[in-house]
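What follows is each chain in one-letter form.
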Amino acid sequence: MVRSEQKPFEEILDYLEGTKKVFILGCDGCAQASQTGGWPQVLEMKERLEGAGKEVTGCTVVDFLCQKALVASRLRPLEEQVMAADGVLILTCGIGVQAASAVIKRPIFPGCNTVPLGGTRGEWMGAERCLECGDCLLYWTGGICPLTACSKGLINGPCGGASNGKCEVSKEKDCGWELIYQRLKELGQLHRLKKFIAPKDYNKMRPRPEILSTSLWALEQRD
Amino acid sequence: MAFKEALQSGKFTVTAEVGPLKGTDTTEVLEVAELLRGKVDGVNVTDQQSAVMRLGSLVTCHLLIQKGLDPIFQMTCRDRNRIALQSDLLNAHVLGIKNVLAITGDYPTLGDHPDAKAVYDIDSVQLVWTINRMNQGYDLAGNELQGKTDFFVGAVVTPITDTEAAFELQLIKMEKKIEAGARFFQTQAVYDVDAFARFMKRAEGFGVPILAGIIPLKSVGMARYMNKNVAGVFVPEHLIEEMSKAEDKAQRGLEIAARLIKDLKDLCQGVHIMAIGWEKKVPEILELAGLA
Ligand code: SF4
Ligand code: SF4
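The structure displayed is predicted, hence computed values, not measured ones.

Examining the site of ligand 1
Next, step 1: For ligand 1, the full set of nearby residues is Gly94(A), Gln98(A), Thr114(A), Cys130(A), Leu131(A), Glu132(A), Cys133(A), Cys136(A), Leu137(A), Leu138(A), Cys145(A) and Leu147(A).
Next, step 2: Residue composition of the shell around ligand 1, by class: 8 nonpolar, 3 polar and 1 charged.

Following this line, the structure appears as structure tokens:
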């Protein structure tokens, strides 16, 4: 299980500035369980966005957004609604956003932060990885996680160590930043790379006590 | 003239790099300092270069100041978190260091402690931004400093790359570094003047001085090694051929370096010579380039 929380609505609106038409995509897997991206949250988000003057071209919930093949097949009948949107707001964990944005040919907006569980996480279905950093950056990087796709976890651009698109740490691995560049170029979103991203709050990568709390932990808290 | 003043005067500025050794022996560094005094405008001191553990940049910069040189304190983001980086910046200011160069830093697996935990708490753009904040009297977290720093902040850029993505990303990151407060750039080694000119066409509009990197070739093997293993370094075949035909290869390497400096002179604001063990030959290169 991967746990997510919705980003503050103001942050989502910031992302959507200049974007009129939005398609909303939710996930009936972990995001449904986290109450961040199931049908109720998707419909609520639709209402809030419409209240904020946005046009919602459509919305749907896919069982598991981390399964690219499934996402592609579920979105096929809705292609018109998706393509009519200027961007797709995705309500799910970092893996789901990355997998879905690999399939969707529109700019994406992550609507959630993936929060740390402290080590135990669900299985992944593809190449996407999420460090559960608690403050998702996928908006800036076209849906490819800089913390996991870049070996150094650099968030403001590449290190200059890549050779022929491969990472300095391993020739078997693509330079994550070159992937990010390609993705944003395809989407006509290269300007997103110009934004300075302030140092991350790594405190958000520590699981909060209530997330860690097991009966054993609860027992340990008593003297 | 100090490094910053040299760059700001519009003079073609020369910096050289020294790398501290592994251990406490400073003889070599101090000898090099003697030879470089008065010949270069600034001296970069590398920070655990290639992720190989050695004497630190901070202390070596301090020794260079005592020798009458103007050091450029290189700092990578690999080994220290934001607390240690900022504390070392305060240390550096107190020791009289005026210039800092912010670098990401090679991954530990490239060095001699491949098991080390990499830090990268902040990246090079954020480090430039942090130094600028400290110059304004605040730390990264926004707390007021009792006594601020006053650094001339620089960063690095790789001007010649093997993919379009890498090239565009270098320019985007360069702009971000400038916005974060970078006032000068030193580049990866350049051997192809035309390729460098193409980079400068895109970068000169940024209006920040650029010092082109020079690594004198010592041998054909070194050129081939760099082509194969060092990202962003491309020695053209014709130079490798010139080296292999030369009788005195070491001498030819110095001549090529001098020729590159002459060719680069009209393109950028200075050169940064990374002699990698040949620091004592820097004065000779400068003489051959007509800069002595
Ligand atoms: S930025 Fe990466 S690590 Fe952080 S939540 Fe998003 S996908 Fe996960
Ligand atoms: S080569 Fe690319 S992926 Fe590897 S550490 Fe550098 S920027 Fe990150």
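Now that the structure has been shown, we can carry on.
With respect to the domain arrangement of chain A
How large an interface is tends to be reported as the accessible area lost when its parts come together.
Residue and element names in this part refer to chain A.
Next, step 1: Domain boundaries in chain A define domain 1 (1–139) and domain 2 (146–196).
Next, step 2: Using C-alpha coordinates to define each centre, domain 1 is positioned 22 Å away from domain 2.
Next, step 3: Summed over both sides, the interface of domain 1 with domain 2 buries roughly 890 Å², with 64% coming from carbon and sulfur.
Next, step 4: Our count for the contact surface shared by domain 1 and domain 2 stands at 3 residue pairs in polar contact (both at pLDDT 80 or more).
Next, step 5: Within the residue set of the side of domain 1 that touches domain 2, elements represented by two or more residues are helix H6 (94–103) and strand E5 (108–110).
Next, step 6: For the side of domain 1 that touches domain 2, a count of residues per class yields 9 nonpolar, 1 polar and 3 charged.

As for the site of ligand 2
Next, step 1: Residues in contact with ligand 2 amount to 13 residues; listed here are only the nearest, Cys150(A), Cys159(A), Cys167(A), Cys175(A) and Gly176(A).
Next, step 2: The class makeup of the residues in the shell around ligand 2 is 8 nonpolar, 2 polar and 3 charged.

A look at the sheet that holds strand E2 (residues 21–27) of chain A
Residues and elements named next belong to chain A.
Next, step 1: Here we have 4 strands laid out as an open sheet, ordered E3-E2-E4-E5, and parallel in their pairing. Strands at the two margins of the open sheet, each flanked by one partner only, are strand E3 (55–62) and E5. When strand polarity is set aside, the average angle formed by the axes of neighbouring strands in this sheet is 20°.
Next, step 2: Pairing between E2 and E3: 7 bridges, direction parallel. Bridged to Lys21 within E3 is Glu55.

Things to note about unusual backbone geometry
Residues and elements named next belong to chain B.
Next, step 1: At Ala51, a residue that is not glycine, the phi angle is positive and equals roughly 60°.
Next, step 2: Within the fold, Ala51 resides in the loop between strand E2 (42–45) and helix H3 (57–66).
Next, step 3: In this structure, Tyr120 is a non-glycine residue whose phi angle is positive, near 45°.
Next, step 4: Looking at the element boundaries, Tyr120 is found in the loop between strand E4 (99–103) and helix H5 (124–135).
Next, step 5: Accessibility expressed as a relative area gives 4% for Tyr120, which makes it buried.

Looking at the nonpolar core
Next, step 1: Grouped together as the largest cluster of nonpolar side chains are 101 residues, with contacts concentrated most on Leu127(B), Phe185(B), Tyr191(B), Phe196(B), Phe199(B), Val235(B) and Leu264(B).
Next, step 2: Setting aside residues up to four positions removed in sequence, Leu127(B) forms contacts with Met75(B), Cys77(B), Leu85(B), Leu89(B), Ala102(B) and Ile122(B).
Next, step 3: Of all hydrophobic cores here, the second largest spans 44 residues; its members include Val56(A), Ile90(A), Phe109(A) and Trp140(A).

Digging into the interface of chain B and chain A
Next, step 1: Listed as interface residues are 29 residues of chain B and, on the opposing side, 30 residues of chain A.
Next, step 2: The interface formed by chain B and chain A contains 2 salt bridges.
Next, step 3: Between Lys194(A) and Glu175(B) there is a salt bridge, and its shortest N-O distance comes to 3.6 Å.
Next, step 4: Taken together, the connections running from chain B to chain A amount to 16 residue pairs in polar contact (both at pLDDT 80 or more).

Reading guide: rules and limits
- Residues numbered from 1 in each chain as written.
- Chains lettered and ligands numbered in written order.
- Predicted model: local features only at pLDDT ≥ 70, side-chain atom pairs only at ≥ 80, totals over all residues.
- Heavy atoms only, no water.
- Near = heavy atom within 4 Å.
- Nonpolar A, V, L, I, M, F, W, Y, C, P; charged D, E, K, R; others polar.
- Domains from an automatic or database assignment.
- Buried area = accessible area lost by both parts, 1.4 Å probe.
- Polar contact = N/O pair within 3.5 Å; in protein donor to acceptor, adjacent residues only side chain to side chain.
- Helix = DSSP H or I, 4+ residues; strand = E, 2+ residues; numbered from the N terminus.
- Pairing = 2+ DSSP bridges.
- Axes fitted to C-alpha atoms, helices over the stretch in contact; angles between N-to-C directions.
- Buried < 20%, exposed > 50% of the residue type's maximum accessible area, 1.4 Å probe, protein only.
- Core = buried A, V, L, I, M, F, W, Y, C linked by side-chain atoms within 4.5 Å.
- Contact = heavy atoms within 4.5 Å.
- Salt bridge = Lys/Arg side-chain N within 4 Å of Asp/Glu carboxyl O.

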